[in-house]
Amino acid sequence: MAPLALVALGGHAILPKDMAPTIGRQFVYTRRAMRRVLTLVKGGWSVVLTHGNGPQVGHILIRAEAARRQAYPIPLSVAVAESEGEIGYVIQQSLYNELTFAGIHRPIVTVLTQVLVDKDDPAFAHPSKPIGPFLTDREAAPLRRRGVPLIHEEGRGWRRLVASPRPLQIIERDTVRRLTEAEVIVVAAGGGGIPVVEERGRLKGADAVIDKDLASTVLAQSVRADLLLLLTDVRKVALDYKKPGHRDLDSMTVAQAQEYHAAGHFPPGSMGPKVEGAVQFVMATGKRAIITTPEALAPALAGRDGTQVLP
Ligand code: ADP
Ligand code: MG
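This one's a predicted model, so the numbers in the text were calculated from it and none came from an experiment.

A. Examining the site of ligand 1 more closely. Taken together, the neighbourhood of ligand 1 is formed by 19 residues, with Lys 212, Thr 232, Asp 233, Ala 238 and Lys 274 sitting nearest. Separating an oxygen atom of ligand 1 from a backbone N or O atom of Gly 11 is a distance of 3.1 Å. Contact with the protein chains removes 88% of the 570 Å² of surface that ligand 1 exposes when unbound. Contributing elements (two or more residues each) for the shell around ligand 1: helix H1 (11–14) and helix H9 (271–285).

Listed below in structure tokens is the structure:
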């Protein structure tokens, strides 16, 4: 059977940081990323794709908030599900076009993915992840009265804070695995997946967002991926990132990664979860993980670019 790569596309690989989000731009950048995924497919890999959803889910929440007198409100779990549909469509069509142009016929499907979290995860008591639009004092006031957790950023305004519990299990893991065995390219666990908790044996949506790098890692392990590729907007992980003495890493062992992480080189909201995810995957499987950009994917596969995380 073909080796299986789990490719996690960072939000910024689909939509660069400094760009106003539009559907047109998402297609432009997704198409670029899909050209790189095409090289993987041509190289004989089976592929599962995951992706971030920060800007998209933020805009879904802006629409919901602006239309709250005309349209029914949606919980965060539903907003995440909608973002999986939106981005899944953009990826499916972009990859379909790239494959077809290359004369390759391979089915592609997006799986709306529920990800189980612990209803007693301490993260629920300490919402820490800012999401959605920046709000003015006036817009924030009614939310504050209702006890919605908010954070204030000087000069930009208020933002909602939500819990970011750890992903425990991918509910649709067997579906994803069976599809890959049938040589279907699968898009799954978008935006970290739809957070669900179990109550008396039943699943229920949770008001939370799950880190996409950690969810990708759990999915990679449960579909028995041979390689975890975390694609973002930096070619290599660095020590003292953008500080004096900045040095890019060609590779690091799990032990080195843990030592650098403990020394504070990888911040929680950005590189931290990627390194944690890579370490977890490599430790659990003995296989390799790579952190790099879509552009550097091909040389990184050959071990000549990116940061290789090794046992
Ligand atoms: P993504 O959308 O791909 O998850 P993130 O912004 O969450 O992107 O994470 C990638 C970012 O991590 C880089 O753009 C970089 O600014 C930041 N970063 C923080 N620490 C490091 C580090 N030690 N090495 C490389 N990049 C780092
Ligand atoms: Mg990130």
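B. Structural view of the pattern of salt bridges. Taken as a whole and assessed by the stated rule, the structure comprises 13 salt bridges. As a salt-bridge pair, Asp 233 and Lys 17 come within 3.2 Å of each other at their nearest N and O atoms. In this pair, Asp 233 is assigned in the loop between strand S12 (227–231) and strand S13 (238–239) and Lys 17 in the loop between H1 and helix H2 (23–42), connecting sequence segments 216 residues apart. On the basis of relative accessible area, Lys 17 is assigned to the exposed category, the value being 60%. Note that Arg 235 and Asp 305 form a salt bridge whose closest N and O atoms lie 2.9 Å from each other. Placement of Arg 235 in the loop between S12 and S13 and of Asp 305 in the loop between helix H10 (297–301) and strand S17 (307–310) is noted, with a sequence separation of 70 residues between them.

C. Structural view of the layout of surface pockets. There is about 560 Å³ of room inside the second largest pocket. Lining of the second largest pocket is provided by 23 residues; of these, Leu 61, Glu 65, Ile 74, Leu 143 and Arg 160 occupy positions nearest its centre. For the lining of the second largest pocket, the element with the most residues is strand S5 (residues 129–135), which contributes 4 residues.

D. Seen up close, the sheet that holds strand S4 (residues 114–116). Taken in spatial order, the 4 strands of this open sheet run S8-S4-S10-S11, and their pairing is mixed. Two strands close off the open sheet at either side, each with one partner strand: strand S8 (169–170) and strand S11 (202–205). Here S4 pairs with strand S10 (residues 194–199) via 3 bridges, running parallel. In the strand pairing of S10, Val 115 is matched with Pro 195.

E. The arrangement of the sheet that holds strand S9 (residues 185–187) in detail. Pairing is mixed in the open sheet, where 8 strands are placed in the order S3-S9-S2-S1-S12-S16-S17-S15. At either margin of the open sheet sits one strand with a lone partner, and together these are strand S3 (108–110) and strand S15 (251–253). Strand after strand, the sheet turns through a mean of 20 degrees between neighbouring axes, direction not considered. As judged from the 3 bridges shared by S3 and S9, these two strands associate in the parallel manner. Bridge assignment links Thr 110 to a residue of S9, and that residue is Val 187. Here H2 sits on the sheet in contact with strand S1 (4–9), strand S2 (46–51), S9 and S12, set at roughly 155 degrees to S2. Running over the sheet, helix H7 (residues 212–222) touches S1, S2 and S12 and is turned about 170 degrees from S1.

F. Examining the side chain of Ser 83 more closely. Summarising the element assignment, Ser 83 is placed in helix H4 (residues 76–101). One polar contact links Ser 83 to Asn 53, side chain to side chain, over a distance of 3.0 Å. Not counting chain neighbours up to four residues away, the residues in contact with Ser 83 comprise Asn 53, Gln 56, Val 57, Ile 60 and Gly 88.

G. Fine view of empty space enclosed by the protein. For the structure on display, the rule yields 1 cavity of 30 Å³ or more. Lining the largest cavity are Met 1, Ala 2, Leu 4, Ser 46, Arg 177, Thr 180 and Glu 181. Ranked by residues supplied to the lining of the largest cavity, first place goes to helix H6 (residues 173–181) with 3 residues. Here the lining of the largest cavity is composed, by residue class, of 3 nonpolar, 2 polar and 2 charged.

H. Structural context of H6. The set of residues buried in H6 consists of Val 176, Arg 177 and Thr 180. Within H6, the buried residues cover an arc of 95 degrees as seen down the axis, which keeps them to one side. Buried residues along H6 sit in contact with S1, S2, S9 and H7. Just downstream of H6, Glu 183 is the residue with a positive phi angle, here 65 degrees.

I. Region of interest: unusual backbone geometry. Although it is not a glycine, Glu 183 adopts a positive phi angle of roughly 65 degrees. Note that Glu 183 resides in the loop between H6 and S9. Unusually for a residue other than glycine, Ala 189 sits at a positive phi of about 50 degrees. The exposure class of Ala 189 is buried, given its relative accessible area of 0%.

Rules of the game
Residues numbered from 1 in each chain as written. Chains lettered and ligands numbered in written order. Predicted model: local features only at pLDDT ≥ 70, side-chain atom pairs only at ≥ 80, totals over all residues. Heavy atoms only, no water. Near = heavy atom within 4 Å. Polar contact = N/O pair within 3.5 Å; in protein donor to acceptor, adjacent residues only side chain to side chain. Areas by Shrake-Rupley, 256 points an atom, 1.4 Å probe, with all protein chains shown as cover. Helix = DSSP H or I, 4+ residues; strand = E, 2+ residues; numbered from the N terminus. Salt bridge = Lys/Arg side-chain N within 4 Å of Asp/Glu carboxyl O. Buried < 20%, exposed > 50% of the residue type's maximum accessible area, 1.4 Å probe, protein only. 1 Å grid on protein atoms, 1.4 Å probe; cavity = no way out; pocket = protein on both sides within 12 Å on 5 of 7 lines; lining within 4 Å. Points joined across faces, edges and corners; volume = space filled by probe spheres on them. Pairing = 2+ DSSP bridges. Axes fitted to C-alpha atoms, helices over the stretch in contact; angles between N-to-C directions. Contact = heavy atoms within 4.5 Å. Nonpolar A, V, L, I, M, F, W, Y, C, P; charged D, E, K, R; others polar. Arc of directions from axis to C-beta.

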